[in-house]
6 protein chains.
Amino acid sequence: MADITLSKMREHLYSAVVCDALDKLGFKNQSPRVPLRPLTTSGVLVGRCKTTLWAEMTHEDQRPYELELKAVDSCRADDVLIAAAAGSMRSGLWGELLSTAARRSGCVGAVIDGAVRDVVKMTAVGFPVFALGTSPYDSRDRNRVIDIDVPVEIDGVRFSPGDLIIADIDGIVVVPQAIEADAVEAAWEKVHAENTVRDAIAGGMTATDAFKKYGVL
Amino acid sequence: MADITLSKMREHLYSAVVCDALDKLGFKNQSPRVPLRPLTTSGVLVGRCKTTLWAEMTHEDQRPYELELKAVDSCRADDVLIAAAAGSMRSGLWGELLSTAARRSGCVGAVIDGAVRDVVKMTAVGFPVFALGTSPYDSRDRNRVIDIDVPVEIDGVRFSPGDLIIADIDGIVVVPQAIEADAVEAAWEKVHAENTVRDAIAGGMTATDAFKKYGVL
Amino acid sequence: MADITLSKMREHLYSAVVCDALDKLGFKNQSPRVPLRPLTTSGVLVGRCKTTLWAEMTHEDQRPYELELKAVDSCRADDVLIAAAAGSMRSGLWGELLSTAARRSGCVGAVIDGAVRDVVKMTAVGFPVFALGTSPYDSRDRNRVIDIDVPVEIDGVRFSPGDLIIADIDGIVVVPQAIEADAVEAAWEKVHAENTVRDAIAGGMTATDAFKKYGVL
Amino acid sequence: MADITLSKMREHLYSAVVCDALDKLGFKNQSPRVPLRPLTTSGVLVGRCKTTLWAEMTHEDQRPYELELKAVDSCRADDVLIAAAAGSMRSGLWGELLSTAARRSGCVGAVIDGAVRDVVKMTAVGFPVFALGTSPYDSRDRNRVIDIDVPVEIDGVRFSPGDLIIADIDGIVVVPQAIEADAVEAAWEKVHAENTVRDAIAGGMTATDAFKKYGVL
Amino acid sequence: MADITLSKMREHLYSAVVCDALDKLGFKNQSPRVPLRPLTTSGVLVGRCKTTLWAEMTHEDQRPYELELKAVDSCRADDVLIAAAAGSMRSGLWGELLSTAARRSGCVGAVIDGAVRDVVKMTAVGFPVFALGTSPYDSRDRNRVIDIDVPVEIDGVRFSPGDLIIADIDGIVVVPQAIEADAVEAAWEKVHAENTVRDAIAGGMTATDAFKKYGVL
Amino acid sequence: MADITLSKMREHLYSAVVCDALDKLGFKNQSPRVPLRPLTTSGVLVGRCKTTLWAEMTHEDQRPYELELKAVDSCRADDVLIAAAAGSMRSGLWGELLSTAARRSGCVGAVIDGAVRDVVKMTAVGFPVFALGTSPYDSRDRNRVIDIDVPVEIDGVRFSPGDLIIADIDGIVVVPQAIEADAVEAAWEKVHAENTVRDAIAGGMTATDAFKKYGVL
């Protein structure tokens, strides 16, 4: 099953089925329980974690945007920028110009545990951004990146650099690299099993009988 | 007025006007003040309460989905499944397969005081779901139904089996059966009264004068 | 620059760029950090504050709607009705009939720090309403206006009668009258500067270099 | 049982046993579920509701403290001042000087759904104050009383002028006047029943058997 | 070190030092981040988990208190009753009579993720209760136990039957049985190391130097 | 009035009267509206701000405690350590050993916008600590200081190095240095005025009359 590429995942997988696969492998806490909503696109975002760790501040930043720009400029193909900001709504941590620059580096989307701005423009260019909400404030002197490319957490769920991430309207799931192959394969099978159950129910079988027969819901 | 069928209500009534009718009858607490949003459809959902009571759990469920499936399979025409889950966001309590199965039994929608999953697919099939938000997690071993067909509460508002429910983007209203006929009739009249006021204001009357003349806003 | 009319602002400005201009002038707290979402329209709302101050109540109002109707009927061209209600979700403070009446007076939108109702109808007539959420309850005997045309606050941000307000999906910004001319001019310039940076990044410059060169993000 | 005076209640009753009595009479929502803590005294506060309704404000009050002082000065013996302020923490709604003045009028305590100040001094004089917390801010131009001697609500529980109130460290209970005699009598009996169960359990009976035998817990 | 009895732990250990020991062993999430406060006693509570799982309800309970009483009556020496109630404040889940009955069975304290009542009486008898707060409501028909002696979670931290628990004013820590011996030994050593650092700082060493020298804080 | 030393302030002033003085000078937002409670002492804490800015983290800290220890070791007489941690409850940011070390440097107390640990021991040594709550977790690899001796904010209120701070059970007030002399003098006078009003009310004057006569409450 080594041939399930990111492209194939984008076409066939979604957050719920990946959660089910992770459950089966005993990994039951891989999705943050915070409302990170898709603000700019619909559809499934699949990629690999490019992590940034943020702090709040209220004094003058001596080196504004420094690490944030470094993270953006060092993105590689299929990266998803992760902003671990502890849910800060102090300012828009992400916006249009960063989206444009990140995309140029190969970045395919952003997951911001905090606020973003420029929603209209990011929607116009179709850059996928998941966030808690919006703020028109510039992040300068309000929030800053204090570390990049380190393991971070959102709501107690760990996102390590390079981890596979699947995000859609149902939520965000991260797959640790050690179990990625198994998880993707299990998800792939669950997609098939669900189709079988769906057909059975559509064909008149009760939900109770369908679960009894197929063991899947 | 016994001839105001559910079909007619779906065409003419909406949550706000039913609240106004209930106010008039002295029933002032019939709409939960929690953000149960329509996640899959627009429009008004009208039906009768099919209640389920949920609990959180974290150990292995000996009889997974049992009462939940029983509730789904025992729905009747015009039922709206009510999940009283105390706002639990631990998992997706409702999803695509349950929607498909419930609809087959005549169920016309679901109101979930908690999270749901499979929003894209439930939107595709047009099944109305009101919920607090989303979670990609399976409910198995996370949440379970502990009772069905009993009176339940959401945010202190009581939903009894068979009660009339009207839900739309403004909110969710439940009408106790003892006053259903009176409430529906009063709502029907309020719809008419609002049209009169709207025409008066559109015709140039001030809001102050319109309220003075018609006593309605 | 005295020729930047409200019309021109509506065409070219947006909340984020106005925040940046206010930052530059040292006014760093001009946008409430509460999720006042555009519920009925997209686009930018620009106008001048027409303020109302609200209180919760639970007894019978001796003069229902009195000051609320007075505020609506005394709106002038380009007014934006501001409801400072401390985030009350007890009832729908604003709705269709008030929108219709206010618009007749020249009011161009409403910003409600609380709940509203009649979202479908207000969307149909295209009246811009920003609010925390919805409630189907009538405000009568639940919330009332206790003062109009006084300075009010939303989340610690002051809105004085006549202040310029700019609201869109990113958030809401209020510009004190004493610095309005300077703020609008600075915002105007920032719009231009951002275009330059956008072009540079689109043309292949790194984000780091673009910020170094232009000093803007 | 008409001879159960407030004095006797102060000696023998407490909030939990009064809740149990109200449950028995079918009044199951007579205690607000907000943490109104006794900040200045221990012990049970028993009295009759003297109600005030509060609003937040941020502009200059033309008649500072007016209704608040009127309420304080019109208290009568055994009154408990109730401040329905929707949980406002904007300022200290109650403090030492008001306590001193109210006590002089016969007022025996205060229940503030918001913040208070002067906790050290009110503790020193032994005036019972239940509140959500503290704030060193003066209420002037921050909060004001907009009505007195009207029915008010705290967390959806109604407090009408003259209602009996029992407050202690477990919580606050209000007894509607129409059922006061029955409720007090039922509470009186429950006190006795609990003593019996306590003795049985202390004497070696299991909790299961004690509940089976006495039907009380 | 097999001779560190519960009695010795009660004398020498406390929650913070046990957390440090667990950190050292790589168990970094063994203390719920919810304010479970000691409401009736000061001091350290040490014992073994006796678990109960709770659900909210609003209809008439057919078998009131059943599993709750069974749990209380089946406690053994050194048990600490754990009520996993998802933070429910609907009623007092624990109170004086249950404390008296549980103590008779050997139970040494209770940890309630929800509200309790009878604080004054439980304080008088010196029964240790940690809880989120108080409620004067009886739990009957409001909350019930749905399972006992199963693994439960409070704020994502797992409490399995028989696990060692240490609770004091700083917080609550649970030690999985598989690592109990190692954790207790490491805590024991940390107590000693902290004494050394304390003496060094008291003797004039800077905090920086003390940490450099001893590697402990 | 230059002779009002910190010692005299400790004897005569308190947070509420300083807030009133600041109100009079037009500084109306000098007290954070978050429940920073005195956890270890009663009484008034008066001193000068020694600021630290904190961030959350979840990876291995390369230089554990570094800036935190530097801050502690560089305290001077009458300093109050301020931890601006955005309300983080991830770990105990402050504890016994830091208290001991800081006190040795002259530090007279700590204000922590987050959690602390070792409450029993800090109480035993009488070191004043104001905090949001407690956590038994070590801060290492959970929270770290990212800057010291910079202006910081707690709940939007600015604390600059060297600012005067007054903290007691009512709350925490910070006095900007530019207006310190005026504020202290105004507070001093308000203490006197309150005594006059207190005497008048105790002597039988109504609260209404007392406010009319003295203009103070």
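In case you missed it, the structure is sitting above this.
Note that this is a predicted model, so its numbers are computed, not measured. (Residues numbered from 1 in each chain as written. Chains lettered and ligands numbered in written order. Predicted model: local features only at pLDDT ≥ 70, side-chain atom pairs only at ≥ 80, totals over all residues. Heavy atoms only, no water.)

**Focus on the overall build of chain A**
- The secondary structure content of chain A amounts to 7 helices and 10 strands.
- By the compact-globule yardstick of 17 Å for 217 residues, chain A fits well, its C-alpha radius of gyration being 19 Å.
- The dimensions of chain A, computed from C-alpha atoms along their principal axes, are 65 × 30 × 30 Å.
- Residues counted as buried form 59% of the 217 residues belonging to chain A.
- Long-range pairs, those at least 24 residues apart, make up 75% of the contacts in chain A with a sequence separation of at least 6.
- Roughly 7,900 Å² of accessible area belongs to chain A as shown, and the carbon and sulfur atoms make up 51% of that amount.
- If you average the places of the 24 positive and of the 31 negative side-chain charges in chain A, the two averages end up 1 Å apart. (Helix = DSSP H or I, 4+ residues; strand = E, 2+ residues; numbered from the N terminus. Rg over C-alpha atoms; globule rule 2.2 N^0.38 Å. Buried < 20%, exposed > 50% of the residue type's maximum accessible area, 1.4 Å probe, protein only. Contact = heavy atoms within 4.5 Å. Areas by Shrake-Rupley, 256 points an atom, 1.4 Å probe, with all protein chains shown as cover. Lys, Arg positive; Asp, Glu negative; His and termini not counted. Charge placed at Lys NZ, Arg CZ, Asp CG, Glu CD.)

**Some thoughts on the interface of chain F and chain D**
- Chain F puts 29 residues into the contact, and the matching count from chain D is 27 residues.
- Together, the buried faces of chain F and chain D total about 2,400 Å²; carbon and sulfur atoms form 55% of this surface.
- When residues of chain F are sorted by the area they lose upon contact with chain D, R33(F), D170(F) and L217(F) head the list and together hold 29% of the total.
- At the surface where chain F touches chain D, the tally comes to 4 salt bridges.
- Residue assignment for the side of chain F that touches chain D shows that the elements contributing at least two residues are α2 (15–24), β10 (171–175), α6 (180–202) and α7 (207–214) of chain F.
- The biggest single contributor to the side of chain F that touches chain D is α2(F), with 5 residues.
- Looking at the side of chain F that touches chain D, its residues break down into 12 nonpolar, 9 polar and 8 charged. (Buried area = accessible area lost by both parts, 1.4 Å probe. Salt bridge = Lys/Arg side-chain N within 4 Å of Asp/Glu carboxyl O. Nonpolar A, V, L, I, M, F, W, Y, C, P; charged D, E, K, R; others polar.)

**Brief notes about the relation of the copies chain B and chain E**
- For the pair chain B and chain E, the relating rotation is 180 degrees, the translation along its axis is 0.0 Å, and the fit reaches an RMSD of 0.0 Å. Each copy turns onto its partner about a two-fold axis. Across chain B, the smallest distance between a C-alpha and the rotation axis is recorded for A55(B), namely 2.7 Å.
- Both copies share a contact surface, since 100% of the interface residues of chain B are interface residues in chain E too. (Least-squares fit on C-alpha atoms with pLDDT ≥ 70 in both.)

**Side note on the relation of the copies chain F and chain D**
- Expressed as a screw operation, the relation of chain F to chain D combines 0.0 Å of axial shift with a rotation of 120 degrees, fitting to an RMSD of 0.0 Å. The superposition of one copy onto the other is thereby described by a three-fold rotation axis. No C-alpha of chain F lies nearer the rotation axis than that of P35(F), which sits 7.6 Å from it.

**Quick look at the pattern of salt bridges**
- This model, assessed by the stated rule, comprises 78 salt bridges over all chains.
- The closest approach of N and O atoms between R144(B) and D61(B), which form a salt bridge, is 3.3 Å. Taken together, the positions of R144(B) in strand β6 (residues 143–148) and D61(B) in the loop between β2 (45–56) and α3 (66–73) put the pair 83 residues apart, joining distant regions of the chain.
- Its relative accessible area of 24% is what places R144(B) among the partly exposed residues.
- For D61(B), a relative accessible area of 6% gives the class buried.
- Within this structure, D20(A), K190(A), E194(A), R117(B) and D138(B) form a network of salt bridges that share partners.

**A short note on unusual backbone geometry**
- In this structure, D118(B) is a non-glycine residue whose phi angle is positive, near 65 degrees.
- Tracing the sequence through the fold places D118(B) in the loop between β4 (109–116) and α5 (119–125).
- Overall, D118(B) belongs to the buried group, its relative accessible area being 12%.
- If you check the backbone angles, D141(D) has positive phi at about 65 degrees while not being a glycine.
- Inspection of the secondary structure assignment puts D141(D) in the loop between β5 (129–134) and β6 (143–148).

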